[in-house]
Amino acid sequence: MSSYTKINYSLRVNKSIERKVISDFFLSISEKFSINRYRYIGFGSMWFTDFSLFHSALSIKDMISIEKTDAHRALYNRPYRFIKILEGLSTDVLPSAVDQDKKCIVWLDYDGTATNSAVLEDLQVLLGNLPTGSFLMITLNAHNQQFDNLKDSDDNKMNRMASLKSFFGSSTPPNISSKSFRRDKFPQVLSR
């Protein structure tokens with residue numbers, strides 16, 4: 001179940017703070033980077049809260065919202081007609097959203113965890129296609145239990161370390177210990 005069915009994103013305090021910090025950062029560099037000429041790509045969902053903020057604060061008018069399903073609902077709910085809606089899985093539609101001649105601000109705010117394979121697939125697509133000078137942000141749930149109860153190819157339960165390595169492979173940060181999976185440490189592991 002998508003998180004938008006549970007609570008309006010514009011009412012979530014942490015998300016509101018996160019959006020404001022991101023907006024303030026881009027506002028602080030807007031003159032040097034001509035941020036208003038960038039394309040914003042994100043997940044508009046039902047409320048398009050980040051789209052509204054980034055348009056009003058940063059004057060961005062080139063915006064693309066990726067909607068996994070129900071593009072008709074998104075077309076109806078979009079706050080500005082210039083927001084283009086692309087329906088489909090992010091990995092499938094991102095190549096058509098990115099233009100080599102157009103710098104982008106991409107914020108993929110996933111509902112799920114790092115174990116969602118779309119996260120790594122989307123990163124591969126974007127890192128191979130975004131023009132120089134673009135900004136890429138990925139946010140996801142960073143709780144340490146996401147690596148519990150995962151199974152290997154033989155259907156055997158793996159410990160957290162094995163689960164982490166099976167998912168990230170050679171990208172797994174070095175020097176990970178059992179202490180790295182503590183609630184207060186694990187977000188830093190994912191960042192690394």
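Above this text you will find the structure in question.
Residues numbered from 1 in each chain as written. Predicted model: local features only at pLDDT ≥ 70, side-chain atom pairs only at ≥ 80, totals over all residues. Heavy atoms only, no water.

Colleague: So, the side chain of Ser163: which residues are in play, and what are the values?
Modeller: Here Ser163 is to be found in helix 6 (residues 160–168). Leave out the neighbours within four places in its chain, and Ser163 touches Phe147, Leu150 and Met158. (Helix = DSSP H or I, 4+ residues; strand = E, 2+ residues; numbered from the N terminus. Contact = heavy atoms within 4.5 Å.)

Colleague: Could you give an account of the packing of aromatic side chains, with specific residues and numbers?
Modeller: Summed over the entire model, instances satisfying the criterion amount to 12 aromatic pairs. Arranged with centres 6.0 Å apart and planes meeting at 40°, the rings of Tyr38 and Phe135 form a pair that is tilted. In this pair, Tyr38 sits in the loop between helix 1 (13–33) and strand 1 (39–42) while Phe135 sits in strand 5 (residues 135–141), placing the two residues 97 residues apart along the sequence. With centroids separated by 6.2 Å and ring planes inclined at 35°, the aromatic side chains of Phe54 and Trp107 adopt a geometry described as tilted. With Phe54 in helix 2 (residues 49–58) and Trp107 in strand 4 (residues 104–113), this pair connects stretches of sequence that are 53 residues apart. With respect to class, Phe54 is no different from Trp107; both count as buried. (Phe/Tyr/Trp six-rings, centres within 6.5 Å; stacked < 30°, edge-to-face > 60°. Buried < 20%, exposed > 50% of the residue type's maximum accessible area, 1.4 Å probe, protein only.)

Colleague: Can you lay out the side chain of His55 for me, pointing to particular residues and giving the numbers?
Modeller: Take His55: it is sitting in helix 2. For His55, a relative accessible area of 16% puts it in the buried group. Among the polar contacts listed, one links the side chain of His55 to the backbone oxygen of Ile60, at a separation of 2.8 Å. Setting aside residues up to four positions removed in sequence, His55 forms contacts with Ile60, Lys61, Met63, Tyr80 and Phe82. (Polar contact = N/O pair within 3.5 Å; in protein donor to acceptor, adjacent residues only side chain to side chain.)

Colleague: Let's hear about the pattern of salt bridges: which residues, and what values?
Modeller: By the definition in use, this model includes 8 salt bridges. Between Asp62 and Lys102 there is a salt bridge, with its nearest N and O atoms 3.6 Å apart. One end of the pair, Asp62, is in strand 2 (residues 62–67); the other, Lys102, is in the loop between helix 4 (90–97) and strand 4, with 40 residues separating them in the sequence. Note that Arg160 and Asp148 form a salt bridge whose closest N and O atoms lie 2.5 Å from each other. Remark: Asp148 occurs in the loop between strand 5 and helix 6 and Arg160 occurs in helix 6; sequence separation between them is 12 residues. For Asp148, a relative accessible area of 27% gives the class partly exposed. (Salt bridge = Lys/Arg side-chain N within 4 Å of Asp/Glu carboxyl O.)

Colleague: How would you summarise unusual backbone geometry if you had to cite specific residues and measurements?
Modeller: Trans is the common state for peptide bonds, and a negative phi is the common state for residues other than glycine. Here the phi dihedral of Phe48 falls at roughly 55°; this positive angle occurs in a residue that is not glycine. For Phe48, the location among the structural elements is in the loop between strand 1 and helix 2. Notably, Asp70 is not glycine yet its phi reads approximately 60°, a positive angle. Along the polypeptide, Asp70 turns up in the loop between strand 2 and helix 3 (71–77).

Colleague: A description of the sheet that holds strand 1 should follow, citing residues and the corresponding values.
Modeller: The 5 strands lie next to each other as 3-2-1-4-5, forming an open sheet whose pairing is parallel. Only two strands of the sheet have a single partner each, and these edge strands are strand 3 (83–87) and strand 5. Going across the sheet, the axis of each strand differs from the next one's by a mean of 15°, ignoring polarity. Those strands touched by helix 5 (residues 117–129) are strand 4 and strand 5, and its axis lies near 170° from that of strand 4. (Pairing = 2+ DSSP bridges. Axes fitted to C-alpha atoms, helices over the stretch in contact; angles between N-to-C directions.)

Colleague: I'd like a rundown of the nonpolar core, residues and numbers included.
Modeller: Judged by nonpolar contacts, the single largest core of 20 residues is most densely connected at Phe26, Ile35, Tyr40 and Ile105. Listing elements by their share of this core, those giving two or more residues are helix 1, helix 2, helix 3, strand 3, strand 4 and strand 5. Of all hydrophobic cores here, the second largest spans 16 residues; its members include Ile64, Ala97, Cys104 and Val119. (Core = buried A, V, L, I, M, F, W, Y, C linked by side-chain atoms within 4.5 Å.)

Colleague: Help me get a handle on the packing of helix 4 against helix 5, residues and values and all.
Modeller: Helix-helix packing is described using two parameters, namely the angle between the two axes and the distance between the axes. For the pair helix 4 and helix 5, the least separation of the axes is 9 Å and the interaxial angle reads 15°. When the axis of helix 4 is compared with that of helix 5, the two are roughly parallel. Crossing of helix 4 over helix 5 shows right-handed handedness. Taking contact as the criterion, the partners of Ser90, Thr91, Leu94 and Pro95 in helix 4 are, on helix 5, Ala118, Glu121, Asp122, Val125 and Leu126. In the contact of helix 4 with helix 5, the residues fall into 5 nonpolar, 2 polar and 2 charged. (Parallel < 35°, antiparallel > 145°, perpendicular 65-115°, else oblique. Left-handed = near helix turned anticlockwise from the far one by under 90°. Nonpolar A, V, L, I, M, F, W, Y, C, P; charged D, E, K, R; others polar.)

Function-wise, these values are silent; they only describe arrangement.
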